[in-house]
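Below are the chains, spelled out letter by letter.
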Amino acid sequence: MGAGISVETRRASELDPQARALWAQFRSADPALASPYFDFRYILAAGETAPGAEVAIIRRAGAIVAFLPFQRRGGAIQPMGAPLTDYHGLVAQPGADIDLKAVLEHLRARRFRFGGLVGGQARAVNAAAPKPAMVADLTGGFEAYLAGRRAAGQGSFLKDKRRRQRQLAEQVGPLSFTLSADPDLLETIITEKRAQWRRTGQHDVFSAPWTQALLRRLACDTAADFGLRIAVLKAGDKIVAAEAGLLSGSGYHLWFPIYDPDFARYSPGALMTLETLRALADQGVAFADFGPGVEDYKRAFADEGGQVVEGDVTADPLIEGLRSLVRQTVAGSPKIGRAHG
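Summary of the structure given here. (Residues numbered from 1 in each chain as written. Predicted model: local features only at pLDDT ≥ 70, side-chain atom pairs only at ≥ 80, totals over all residues. Heavy atoms only, no water.)

### Description of the nonpolar core
Within the largest apolar cluster, 49 residues are counted, with the highest numbers of intra-cluster contacts made by Y42, F67, L218, L228, W255 and F256. Here the element with the most residues in this core is helix α2 (residues 40-49); it accounts for six residues. Those residues in contact with L228 that lie beyond four places of it in its chain are S180, A181, L186, L215, L218, A219, A244, G245, L246 and W255. Counting 34 residues, the second largest nonpolar core, distinct from the first, contains L233, Y266, A279 and L280. (Core = buried A, V, L, I, M, F, W, Y, C linked by side-chain atoms within 4.5 Å. Buried < 20%, exposed > 50% of the residue type's maximum accessible area, 1.4 Å probe, protein only. Helix = DSSP H or I, 4+ residues; strand = E, 2+ residues; numbered from the N terminus. Contact = heavy atoms within 4.5 Å.)

### Observations regarding the packing of α2 against helix α6 (residues 209-219)
Two numbers describe how α2 lies on α6: the axes approach to 9 Å, and their chain directions differ by 140°. As for the relative orientation of α2 and α6, their crossing is right-handed in sense. In this structure, α2 contributes Y42, A45, A46, E48 and T49 to the contact, and α6 contributes W210, A213, L214, R217 and L218. Tallied by class, residues from the contact of α2 with α6 come to seven nonpolar, one polar and two charged. (Axes fitted to C-alpha atoms, helices over the stretch in contact; angles between N-to-C directions. Left-handed = near helix turned anticlockwise from the far one by under 90°. Nonpolar A, V, L, I, M, F, W, Y, C, P; charged D, E, K, R; others polar.)

### Some points on the pattern of salt bridges
Inspection of the entire model under this criterion finds 20 salt bridges. Across the pair D39 and R27 runs a salt bridge, and its minimum N-O distance is 3.8 Å. Note that D39 is positioned in the loop between α1 (17-28) and α2 and R27 in helix α1, a separation of 12 residues in sequence. Take D39 and R27: they sit in the same class, and that class is buried. We note a salt bridge from E304 to R299, for which the minimum N-O separation is 2.7 Å. Using a relative accessible area of 34% as the deciding quantity, one classes R299 as partly exposed. (Salt bridge = Lys/Arg side-chain N within 4 Å of Asp/Glu carboxyl O.)

### Brief notes about empty space enclosed by the protein
Within the structure shown, the criterion is met by one cavity of 30 Å³ or more. Lining the largest cavity, in full, are Y37, F38, Y42, I43, L68, P69, P79, M80, T85, Y87, H88 and G89. Mapped onto the lining of the largest cavity, the elements with two or more residues apiece are α2 and β3 (63-73). Residues that form the lining of the largest cavity fall into these classes: nine nonpolar, three polar and no charged. (1 Å grid on protein atoms, 1.4 Å probe; cavity = no way out; pocket = protein on both sides within 12 Å on 5 of 7 lines; lining within 4 Å. Points joined across faces, edges and corners; volume = space filled by probe spheres on them.)

Listed below in structure tokens is the structure:
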């Protein structure tokens, strides 16, 4: 079993200094792992709060060649911190060529379901079409970023937002913006985000207490280069938009935005995002990640980066047999094939 590998599991907090150093080494060698979700400090926080959270330590010939952070869910596993964690996958030695199905067999799990598997980890994966991560390049500073957006055809978008910014300041009150690690502001984000999900009929991911606990844990991290950051845009003394994001070194992930619907005509969310990018660029952050998917609002701010895939890996003969039967049926029926083409 397992393509020449051995697998053991530990809680993240139980990984020794040597294993943590290897994690950092593997991550720094692979640009696909630049997201804050692969910072070991995020894994520690998720490992303390998410139920069933473990790290698979994968060895070949006795040497550690990869790690896989995950959570058990019945007979299956899912990414550690799901559904909060947008990107996931192996943190592996370059060229390690780990078969995820073999890892699954070692973990005695039937299925690994994911929404944002990164890098070239698609071996033995049942995947939907890949989708890009949307990334804002801040390496040249904020003015260079704006020039890049204009070159990408977003000049009218930026002009419109400048107009709305002036109107908001004139009609509501002087604008102010902060990007801080103030944990008290997180409670506003959680409360308003849950209210938004109720209004729109979306699933409330904060209904599980551990998800709130994870954000609070991240908000309490005092490192200068890591942790939760809260962006707040005010008009006068009124908060018109806010967002919780995650910082790791030179990378930032925009995460949970809110805005006051009473001020929707001013596009407060977009105004806040532009101010967030300005502040990040001033702080030397190289990129801001908007997450996977090519929604129009993301295209206004960001360009396509690396590809991620949504899908699963299975180690269940029954599921594999059913999938094989479906594939054979579709292949043998031109009518069905056309319907699914």
